[in-house]
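# Fold and contact review
Each chain, written out:
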Amino acid sequence: MPPRIRSSNCPPQQLLLNYLDAPLPSSLLPLHRPLALAASSNPSPSSPSCRLQPQNPQCQQQASSFSTSQPREMTKPQREFRSFLKRMGKQFETHEGNGPRYLGRLQRMDNTPFPSNKSFKSEPVLSSRARRLIWEAVMLRGMPLKAVSAQYQVDIRRVAAVVRLMEIEKRMEKENAPMAIPYARAVEKMLPRANLESSEEPFEPINDVHVHSFTMQQLFVPVSESREFTRKDAAKAFGDHILPPDHKMRIPELVEMEKDILNGVPQMQAEKQFLERTAESERRFAESQKYVAAKKDAKKSKVDTERFEFRIENFNSEAVGKKGRARNAVGWRYGVPFNDRQKGLYKIPTSVG
Amino acid sequence: MRCERRILRYHSLKRGRVRQTWNKYNLYNLHKMRSTVSTFGTFFQQKWAAKAATRAYHGEHIKEKQWERMFSRRLLSAVNMDPAYMAKYDGSEQAAGRGSGRDVKPAGKPSRDGKVEVREVARNTGNAEGMTPYMQMTFAPQERRLDIAVYRALFASSARQARQFVVHGAVKVNGKKMQHPGYLLNPGDLFQVDPEKVMIATGRKKTSNSESISAPKEPAAEEEAEPSGEGEATEATGQPAEELSHEQLKAEYLEGLRLLHQHAKKVIDANKEKLSGGHKKEIRELSKKIKEAMNKARRAGTDVQETGDDMQNLATLMSQLELTPAERKELAKEQEEAETTSESTPTSTTTPDYPQLKPRSMPAPTTTNSKFDNVESQILQRLLEEEKINPYDPSKPYATPWRPRPYMSAFAFIPRYLEVHPKICAAVYLRHPVARPGKSEIPTPFDTQISQLAFNWYLRRR
């Protein structure tokens, strides 16, 4: 029976070393024990460290170096990671060629950055050439945005955004502002691109209709067999305020054009009419915007001094809501403290503009 | 609000969490991710695991409470309506017959003139096939956040870095500085990041070796934690017998370039007083070019012929630069005479700085017999232009000339709800992301099943 350890001053491994004659496995040895010290304390050739010598060729080397501890071995995940980087991952290190290179390649799924999620594909972006095309159509040829959108099959909001961004670019070029040109080149090479040529697939759906949550339920509406139950009736069935998709079309002029073509109007003429209609709708929209702005402006009385133009607006100070804290209430009211400095209140702006 | 969550073993190989970064560890974890879920444990445990996995990717820097407040069970989707279909049908054909549309008879037999009778089937085209992946939209509200939008627009290499850019005031929204990473973008908002910051975030790291040493190492050796030496070894040690001659040739060219470089230095040192400022600048630029050519030649896989051509071109240029303007004129005259006599192909003199001359004296041990022809001069001009756009500039905090950081391309994609203009580092948030039949717009590495479990977790019916 081994002797009992009375006090905790002496580490149990040391005790074991003293008591046991038999050679120890290396794992039991204290890790930071210098070999030289171990040899001096136990000079006999049967000491465990020296016994290990023939098996471990590094032993001699370690004795001469500063640290005697074994170098940490790589764990299995680390090993696998290294081998991945050297073999399969090698192709992703530096981008070569012209076009995307995603992880999906390893499983023959191009344009799939996440191999486990097949519903997400990296879709093409507009190339710089395509952006210029759009900009020229809008700014130089003066085409209505709706017509540009229909011609290139690009969402109307994207058309507007492209024009906006190109204008900023041109302004920055004029101002000699710093731009990330090498970055832009590299990024363009890494992404799938669309040049908006007629031979390509349509870039994106341009007549998106938002799916209203009211229409996501299943309804059973009894209808007589003789009745024509149209989209309008279906919308009405879902709710009084639900609009049929005909009213939600982003470019309703396109539907009109198709109707004209069905009614025997020649293609060229129908397209011409489409252009006229879109231009007209754009003009009307601009007018209504102008009208709204003018009306808003008319409410303000202006006092022009030399330095400033004071714009004075009438407000009803009584309209403060039930609790006196209405959002657009004006001024400070007695007994209603501002809590805009209170802790935990959400103070991030909701719009910038 | 302000305190950040601690990043503890962010890219742990053992746990294998996938994050919103372009890190190489992340690439490996993404590669290792299993696509199928094993149905272990109770439903609660499955939901818990799914939530943990998805939240490790989707805005792990956002506090759970904050995300719970942001979460919405309303999942947005859209359907394309084909105008041709809308014009032709009013929808009543879908309710015809017994209430679910008439049966479509299969296509009839081919008639006598060989045409197959085609029955027109009322169909709304323009949508992809398949079900709408609503469950992949679980984390859609996060994509509205400014920091995540900056990351998605490829302006930062991780969502956390994007957050830092916002906090540090490098991001503008509609032309105004916005310092809240949690700002929720509205459709039509334009955000712009400082281009310099973007170059730092997406460029290669500057290492002490890559910038200070006159002849930079090859790019592979630049990487940290890579067992280097392989690249150098291939150059120095034995090659397969068939490639030996190629390698020797390359080495010869490299030696030539080196000598040329030395020569350029000597010329500047020797004629400090004689040379004009512009002249000196030209020579200095040339020596930079030489260095670049050497660098290119060292890289594995470059064409030997290309290297040789580079050397010849540069040598020619060098020989011209050594001349004084008067001497140059003389030589130009000589050349003109030669041309008029021989009536050779007209050479364009598009570059007045580098007139095309015959090599007069070869400073390097080169054997240039071929003329510095049109195509080569064009190539060189292109190189010079590139140098202007993407210069070597040790004052920059990233490795110059700018190159994309390693493993960037595997993560480079732009979702459709953004319109990005990389040149000016600006993007427009067009609309909220939506699910479409067969497609989802939320970039998530997870399977539908896992997303669904996570969605169920946040419904708070546990």
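What comes next concerns the included structure. (Residues numbered from 1 in each chain as written. Chains lettered and ligands numbered in written order. Predicted model: local features only at pLDDT ≥ 70, side-chain atom pairs only at ≥ 80, totals over all residues. Heavy atoms only, no water.)

A separate point is the packing of helix α8 (residues 145-152) of chain A against helix α14 (residues 267-298) of chain A. When two helices pack together, their arrangement is given by the angle between their axes and by how far apart the axes lie. Residues and elements named next belong to chain A. Look at α8 against α14: their axes get within 8 Å of each other, and the N-to-C directions meet at 135 degrees. Judged on the interaxial angle alone, α14 and α8 are oblique. The residues of α14 that touch α8, namely those facing Leu-145, Lys-146, Ala-147 and Ala-150, are Phe-274, Leu-275, Thr-278, Ser-281 and Glu-282. In the contact of α8 with α14, the residues fall into 5 nonpolar, 2 polar and 2 charged. (Axes fitted to C-alpha atoms, helices over the stretch in contact; angles between N-to-C directions. Helix = DSSP H or I, 4+ residues; strand = E, 2+ residues; numbered from the N terminus. Parallel < 35°, antiparallel > 145°, perpendicular 65-115°, else oblique. Contact = heavy atoms within 4.5 Å. Nonpolar A, V, L, I, M, F, W, Y, C, P; charged D, E, K, R; others polar.)

Attention shifts here to the packing of aromatic side chains. A complete count under the given rule lists 22 aromatic pairs over all chains for this structure. Taken together, a centroid distance of 6.1 Å and an interplanar angle of 55 degrees make the contact between Phe-308 of chain A and Phe-310 of chain A tilted. Consider the rings of Tyr-417 of chain B and Tyr-429 of chain B, whose centres lie 6.0 Å apart with planes at 65 degrees: the pair is edge-to-face. Of the two residues, Tyr-417 of chain B sits in the loop between α15 (374-389) and β5 (418-421) while Tyr-429 of chain B sits in strand β6 (residues 426-429), which places them 12 residues apart along the sequence. (Phe/Tyr/Trp six-rings, centres within 6.5 Å; stacked < 30°, edge-to-face > 60°.)

We now examine a nonpolar patch on the surface. Residue and element names in this part refer to chain A. On the surface, Val-303, Phe-308, Phe-310 and Ile-312 cluster together to form a nonpolar patch covering roughly 370 Å² of accessible area. For Phe-308, the location among the structural elements is in the loop between β4 (301-304) and β5 (309-312). For Phe-308, a relative accessible area of 46% gives the class partly exposed. (Patch = residues over 30% accessible without salt bridge, like charges linked within 9 Å, V, L, I, M, F, W, Y side chains within 5 Å. Areas by Shrake-Rupley, 256 points an atom, 1.4 Å probe, with all protein chains shown as cover. Salt bridge = Lys/Arg side-chain N within 4 Å of Asp/Glu carboxyl O. Buried < 20%, exposed > 50% of the residue type's maximum accessible area, 1.4 Å probe, protein only.)

A word on the packing of helix α13 (residues 252-262) of chain A against α14 of chain A. Residues and elements named next belong to chain A. At their nearest, the axes of α13 and α14 sit 9 Å apart, and the two run at 155 degrees to each other. Of the possible angle classes, the one that applies to α13 and α14 is roughly antiparallel. Helix-helix and strand crossings are classified by hand; for α13 and α14 the assignment is right-handed. Two secondary-structure elements touch here, α13 through Glu-253, Leu-254, Glu-256, Met-257, Asp-260 and Ile-261 and α14 through Gln-267, Ala-270, Glu-271, Gln-273, Phe-274, Arg-277, Thr-278 and Ser-281. (Left-handed = near helix turned anticlockwise from the far one by under 90°.)

Attention shifts here to helix α10 (residues 181-190) of chain A. Of the residues making up α10 of chain A, those classed as buried are Pro-182, Tyr-183, Ala-184, Ala-186, Val-187 and Met-190 of chain A. Check the buried side of α10 of chain A and you find it contacts α7 (195-202) and α15 of chain B.

Here the focus is the sheet that holds strand β4 (residues 189-193) of chain B. All names here are of chain B. Ordered in space as β3-β2-β4-β6-β5, the 5 strands form an open sheet in which the pairing is antiparallel. Two strands lie at the open edges of the sheet, namely β3 (176-177) and β5, each paired on one side alone. Note: strand β2 (residues 171-173) against β3, 2 bridges, orientation antiparallel. For Val-173, the partnering residue across the bridge sits in β3 and is Lys-176. (Pairing = 2+ DSSP bridges.)

Frequently, the measure chosen for interface size is the accessible area that the parts lose on association. Counting residues at the interface gives 99 residues for chain B, matched by 84 residues for chain A. Counting the contacts that link chain B with chain A gives 7 salt bridges. The residue Glu-173 of chain A makes a salt bridge to Lys-423 of chain B at a minimum N-O spacing of 3.1 Å. Our count for the chain B to chain A interface comes out at 32 residue pairs in polar contact (both at pLDDT 80 or more). Grouping the constituent residues of the side of chain B that touches chain A by class yields 56 nonpolar, 22 polar and 21 charged. Note that strand β3 (residues 208-210) of chain A and strand β1 (residues 78-80) of chain B share 3 bridges and pair antiparallel. Bridging from a neighbouring strand, His-210 of chain A pairs with Ala-78 of chain B of β1 of chain B. (Polar contact = N/O pair within 3.5 Å; in protein donor to acceptor, adjacent residues only side chain to side chain.)

All names here are of chain A. Inspection of every chain in the model, using the stated rule, returns 32 salt bridges over all chains. For Lys-76, the salt bridge identified is with Glu-80, shortest N-O distance 3.8 Å. Here Lys-76 pairs with Glu-80, and both are found in helix α5 (residues 76-86), just 4 residues apart, close to one helical turn. Classification of Lys-76 by relative accessible area gives exposed; the value is 53%.

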